[in-house]
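Residue-level structural notes
Chain by chain, the residues run as shown.
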Amino acid sequence: MIRIFKRIRAKKDLHLNLLNKRTYFINSQCIIFLAISNYFKFNRGIKKMELFSIKNIDDQKDFIAYSNGLFFERLKLVSFMLIFTYPGFLFADLILLNKVTVQEYRWVLASIHLTGFLLSIIFLLIYYFNKSAPKGFIIHNYTVLFLFIGATASINSQLLNGNIYAYIIILLGVSVIFPIQPGKLLIYFCSNHIYFLIGLFFMHPDNFSLITKMINSTGAAVISYTIAFMFYRLRKRDFDNRCKLRKNAESFRRLFHMNPYPLILTNLQNDEILLINHQAIDYYHLHNQDMTEIDGKFLFANPNEKQTILKMLDEHQSIKNFELEYQVSPDLKKWAMLSLELVEYLDQPCILIGVTDITNLKIKEEELLKHASFDELTSVMNRRSGMDLMEKKIHGPYQQEFIVCYIDINGLKTVNDNFGHAVGDDLIKTSCDVINRNIEPADVLFRLGGDEFIIIFFGKTKEKAEEIWENIKRDFHMFNLSGQKPYNLSASHGFSYYKPGTHTTVEEILDEADQTMYEEKVSRQGITSS
């Protein structure tokens, strides 16, 4: 080939201007091809292959396997680009360069383009139809072939325009696109560069430009190798970091599932449940549910509650001891105390939710509240709770009109003296039962003390309250006629009224009702004595 080049050197100056135009077209196609390849490399190939072979990574062999897989993916993209751009190269070889008289140049250039096209087809056949092919062997051979093609194309260009663009483009392309071990790449670069320099020497035996091209090409080779080495180091470091992250994620998952308390990890953006341990599945009764169809929304009773929590997380990064009530099933309610924290998991913003079952604590709390707020004998509200309620309705932010009925159960002392305190307690309890049957759910009955009780009527007129009291008296009379107990039911009562804006106190309202009750009692005693 070198002899042919020597014989036709004398003809190259005649065609230099014409070929410069044709060569610029071809080189521009190469540059476009490399730009597209790099685009696909960074936006598609690397995204796919950087997740390739991340499992079971422990030593250098795994990284080599990862790099080989990445090389194959990128070489696939390069092969597609060469196949898609070959019609343009063929058009240049047959049409744009048809006036070039240096036929050897045309045939060598066409052979290079055809070789790249055929190599691409062969690789794609191997990629799709021979998965068991040895990747290392294919990678090294294709790297050598690409470098050889680039060097040969630039040596061929010395016949006419004398540029070495093709060689530099291939050097940079190989160093940037293909992940190759630096040691082997150094051997490939050195061997190929020696071949390239020998070719240049025979093309320029007496030309001063030979020295310049040798220096420039050597500098390009050194820079390309440096870029490849740096990319390799960065890729290895990134790979090691991913390994550490994977191991940390595995350790996190193990600790997550070993935790004796319910834990849930959800994606912050879409509420997807990323992790949930068995304790959480048991707590929320999710055994028979498809976990892929459940998201973290079930943790919150309503969207407003969730938005409140997200706002608090955004401000404080964590929330401690947030209490929620869950309706797990139609017949089962549970209370949970949540601890929430914003965390990063697999490069995603997530919410780590720790759940503590406080249902038993809440039940005991309700029992204590009941003991503290309700009368043990009658199960109605006690004095403290009733007085607090009236205080809120009078002086609270939501004042409300109401009517107070002061009740005094008659005959308790007589029943206690004649039948004992157990029967007296039964008298009190029976009287409360009758009263409760006649008042509405919105009304409140509480025990003021001993045989004195208070009814608070909400949203009723004086006439309606009087009507309800008449119904209570009627039921008392019906009970007495039945003769079920050794005592009779009767009571004295008195009313007082409150309207929002009135300057008064709970004691004044009760005193007023007590006074009217006392007047009725005195009147009843007068009638009885007469």
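Report on the accompanying structure. Sequence order as written defines residue numbering, which begins from 1 separately in each chain. Where totals are concerned, whole chains, interfaces and linings use all residues; where local detail is concerned, this predicted model gives features only for residues with pLDDT of at least 70, and gives and counts side-chain atom pairs only at 80 or more. Just so you know, side-chain values use all the structure's heavy atoms and leave hydrogens and water out.

**A short note on the overall build of the protein chain**
Where we set the bar: Helix and strand definitions follow DSSP, with helices as H or I runs of at least four residues and strands as E runs of at least two, each counted in order from the N terminus. Residue burial is assigned from relative accessible area. The probe radius is 1.4 Å, only protein chains are included, and a residue is buried under 20% of its type maximum, exposed over 50%, and partly exposed in between. Residue contacts are defined here by distance: any two heavy atoms, one from each residue, within 4.5 Å place the two residues in contact. For every accessible area listed, the method is Shrake-Rupley and the probe measures 1.4 Å; residues are considered covered only by the protein chains on display.
In terms of helices and strands, the protein chain carries 16 helices and 9 strands. Residue burial in the protein chain is summarised as follows: out of 530 residues, 44% are buried. The contacts in the protein chain between residues at least 6 apart in sequence include a share of 65% that link residues at least 24 apart. When the accessible surface of the protein chain is totalled, it reaches about 29,300 Å², and 59% of it is carbon and sulfur.

**Let's talk about the pairing of strand β4 (residues 332-345)**
What counts, and what does not: DSSP-based pairing: two strands are paired if at least 2 bridges between them are found.
By the bridge criterion, 10 bridges tie β4 to strand β5 (residues 348-357) in an arrangement that is antiparallel. Within the sheet, the bridge partner assigned to Ser339 lies in β5 and is Gly354. Between the antiparallel neighbours β4 and β5 lie 2 residues, among them Leu346 with a positive phi of about 55°.

**Some words on the sheet that holds strand β9 (residues 491-498)**
For clarity, the cut-off: The axes used here are C-alpha line fits, helices contributing only the stretch in contact, and every angle between their N-to-C directions lies in the interval 0 to 180 degrees.
An order of β7-β8-β6-β9 is seen for the 4 strands of this open sheet, with the pairing classed as antiparallel. For this open sheet the edge positions go to β7 (444-449) and β9, each flanked by a neighbour on one side alone. Taken over all neighbouring pairs, the strand axes of this sheet differ in orientation by 20° on average, direction set aside. In this fold helix α12 (residues 383-395) packs onto β6 (402-409), β7, β8 (452-458) and β9, with an angle of close to 120° to the strand it touches most, β7.

**Some remarks on a nonpolar patch on the surface**
Using the following cut-off: Any residue with relative accessible area above 30% and no salt bridge may belong to a patch, with like charges joined within 9 Å and the nonpolar Val, Leu, Ile, Met, Phe, Trp and Tyr side chains within 5 Å. Salt-bridge detection follows one rule: a side-chain nitrogen of Lys or Arg within 4 Å of a carboxyl oxygen of Asp or Glu.
There is a patch of nonpolar side chains on the surface, built from Leu114, Leu118, Ile121, Ile122, Leu125, Tyr128 and Phe129 and spanning about 670 Å² of accessible area. Relative to the elements of secondary structure, Tyr128 occurs in helix α4 (residues 103-129). Tyr128 gets classed as partly exposed once you look at its relative accessible area, which sits at 41%.

**Describing a negative patch on the surface**
Defined as follows: In this tally Asp and Glu are treated as negative and Lys and Arg as positive; neither His nor the chain ends contributes. Charged side chains are reduced to one point each, which is NZ for Lys, CZ for Arg, CG for Asp and CD for Glu.
On the surface, a cluster of negative charge is contributed by Glu391, Glu507, Glu508 and Asp511. Looking at which element gives the most residues to the negative patch, the answer is helix α16 (residues 506-529), with 3 residues. Within the fold, Glu507 resides in helix α16.

**Observations concerning unusual backbone geometry**
Despite not being glycine, Asp271 shows a phi value in the positive range, around 65°. Along the polypeptide, Asp271 turns up in the loop between β1 (263-267) and β2 (273-276). The buried category is assigned to Asp271, whose relative accessible area is 7%. One non-glycine residue, Gln317, adopts positive backbone phi at about 70°. The topology assignment puts Gln317 in the loop between α10 (303-316) and β3 (318-329).

**A word on the packing of aromatic side chains**
For clarity, the threshold we go by: Note on ring pairs: Phe, Tyr and Trp rings are taken, using the six-membered ring of Trp, and paired if centres are within 6.5 Å. Classes follow the plane angle, with under 30 degrees stacked, over 60 edge-to-face and the rest tilted. Placement of a charge over a ring requires the Lys NZ or Arg CZ to be within 6 Å of the ring centre, with the centre-to-atom vector within 35 degrees of the ring normal.
Scanning the entire structure with this criterion turns up 21 aromatic pairs. Between Tyr66 and Phe239 the ring centres are 4.7 Å apart and the planes differ by 35°, which places this aromatic pair in the tilted class. A residue pair is termed long-range when its members are at least 10 positions apart, and Tyr66 in helix α3 (residues 60-96) and Phe239 in helix α8 (residues 209-258) qualify at 173 residues. Judged by its relative accessible area of 2%, Phe239 falls in the buried class. Among the aromatic residues, ring-to-ring pairing joins Phe71, Phe72, Phe123, Tyr127, Tyr128, Tyr142, Phe146 and Phe178 into one connected group. Over the ring of Phe63 we find Lys236, and its NZ or CZ is 5.4 Å from the ring centre.

**Examining the nonpolar core**
The nonpolar side chains of soluble globular proteins are, as a tendency, buried together. The test is simple: What we call a nonpolar core is a set of buried Ala, Val, Leu, Ile, Met, Phe, Trp, Tyr and Cys residues that are connected through their side-chain atoms within 4.5 Å.
Ranked by size, the top nonpolar core spans 47 residues in total, and within it Leu75, Phe123, Phe146, Val174 and Phe178 carry the most contacts. Secondary structure elements with two or more residues in this core: α3, α4, α5 (135-157), α6 (165-177), α7 (182-203) and α8. Ranked by residue count, the leading element in this core is α5, at 9 residues. Look past the residues within four positions of Phe146 in its chain and what remains in contact with it is Leu75, Val78, Leu82, Ile170, Val174 and Phe178.

**Some details on the pattern of salt bridges**
Side chains that differ in charge, positive against negative, can pair when their charged atoms come close. Overall, the coordinates contain 15 salt bridges when judged by the stated rule. The salt bridge involving Lys429 is made with Asp433; its shortest N-O contact spans 3.7 Å. One end of the pair is Lys429 and the other is Asp433, both in helix α14 (residues 421-438) and 4 residues apart, which spans about a single turn. Exposure remark for Lys429: the relative accessible area of 36% places this residue in the partly exposed category.

**Topic: the packing of α6 against α8**
We count it as follows: In this scheme, roughly parallel covers angles under 35 degrees and roughly antiparallel covers those over 145, while 65 to 115 is roughly perpendicular and the rest are oblique. Following the grouping adopted for this structure description, the nonpolar residues are Ala, Val, Leu, Ile, Met, Phe, Trp, Tyr, Cys and Pro, the charged ones are Asp, Glu, Lys and Arg, and the polar ones are all others, Gly among them.
It is the contact of α6 with α8, at a shortest axis distance of 8 Å, that shows an interaxial angle of 10°. One finds that α6 runs roughly parallel with respect to α8. Touching Tyr167, Ile168, Leu171, Leu172, Ser175 and Val176 of α6 are Ser217, Ala220, Ala221, Ser224, Ile227, Ala228 and Phe231, all from α8. Here the contact of α6 with α8 is composed, by residue class, of 10 nonpolar, 3 polar and no charged.

**Considerations on the environment of Gly386**
Relative to the helices and strands, Gly386 resides in helix α12. On a C-alpha basis, the gap between Gly386 and Val444 in space is 8.1 Å, while along the polypeptide they are 58 residues apart. Ignoring any residue separated from it by four or fewer positions in sequence, one finds Gly386 in contact with Met381, Phe446 and Ile456.

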